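Now for the letters of each chain:
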Amino acid sequence: MYTLDKSALDELSKEIIEAGIFAKRMQNEIHRSYKSDGSVLTETDLAISKRIEEDVARLFPDCGFISEEAEIVKKEDAKYTFILDPIDGTDVYSQGLPSFAISLGIIDSNREPVGAMIYLPRFGRGREDMFVRLDPNGELLVDGKVFTLQDNKDDVKQVTMGSGGQVKMDFSHFEGKVRTFGSSIIHLLSVVVFSAIQGCVNQPCFVWDIVSAHAVLKKVGMDIVYVDGEKFVYTDSFLYEKKKFKKDIYAGTPKAIECMRKILPVRV
């Protein structure tokens, strides 16, 4: 079985944390600009993207690389491809809010999400920050400790949701709570790491907004499916053409997803 070098992964994880510390330090000094699609861009996104792209190329020269802010490095025979969002939640980051993440996901040659390095420099569990690491074929670590899912995640009482999702959903059968943070990665990750959150409804976004958290979800027996029940797959257009996936998604355990399809359906 082909594996990534552990010492190189250790070094890369330190670089992700350093990038998050840099983003935190720069947050009060950034300037907002806008891409052609209207999304927010900051100089911090560009600096982190360049830094991590160089690190991946140096440490894992045989692997592919996809970033929101860089040219795609596609390698047909690559065993793994790294997918970076230098700042997930750039809009909230640019406003000084804490719910942003530096996210690096890893997919294998079968396009399965199998690895993640996610650093939240200002959004932790009872502490200021959080670092989630999942090496391919490794254990899930949260803040350096092995994480085991112990909570009942089947009965949906609280969900995370993107800011554009509320107008799409029928809430007439839902009596729970909705949390919106401004970061797709945090929305999806919250289903795993926060005990009171059982599900996520997220709107179409890009591969770098989802892949690292998807790997974490799959590691604990959860998954992502489209709201109509269709299987979620990593298509060419989604990976290499920088296009959003096509429909809203549910994330959680199989029972939680079934529950959300009943109590939080899309409006007809």
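Please read all numbers here as calculations on a predicted model, not as lab measurements. (Residues numbered from 1 in each chain as written. Predicted model: local features only at pLDDT ≥ 70, side-chain atom pairs only at ≥ 80, totals over all residues. Heavy atoms only, no water.)

A. Seen up close, the packing of helix α1 (residues 6-26) against helix α2 (residues 43-59). Between α1 and α2, the shortest axis-to-axis distance is 10 Å and the interhelical angle comes to 170 degrees. Put simply, α1 runs roughly antiparallel to α2. In this structure, α1 contributes Ala-8, Glu-11, Leu-12, Glu-15, Ile-16, Glu-18, Ala-19, Phe-22, Ala-23 and Met-26 to the contact, and α2 contributes Thr-44, Ala-47, Ile-48, Arg-51, Ile-52, Asp-55, Val-56, Arg-58 and Leu-59. Residues of the contact of α1 with α2, tallied by class, amount to 12 nonpolar, one polar and six charged. (Axes fitted to C-alpha atoms, helices over the stretch in contact; angles between N-to-C directions. Helix = DSSP H or I, 4+ residues; strand = E, 2+ residues; numbered from the N terminus. Parallel < 35°, antiparallel > 145°, perpendicular 65-115°, else oblique. Contact = heavy atoms within 4.5 Å. Nonpolar A, V, L, I, M, F, W, Y, C, P; charged D, E, K, R; others polar.)

B. Representation of the pairing of strand β10 (residues 158-161) within the structure. Burial of the side chains of β10 extends over both faces: Gln-158 and Thr-160 are buried on one face and Val-159 and Met-161 on the other. Relative to strand β11 (residues 177-179), β10 runs parallel, the two being bridged by three bridges. The partner of Val-159 across the bridge, within β11, is Val-178. As defined by bridge partners, β10 adjoins strand β12 (residues 199-202) across three bridges and the pair is classed as parallel. Paired with Met-161 across the strands is Val-201, a residue of β12. (Buried < 20%, exposed > 50% of the residue type's maximum accessible area, 1.4 Å probe, protein only. Pairing = 2+ DSSP bridges.)

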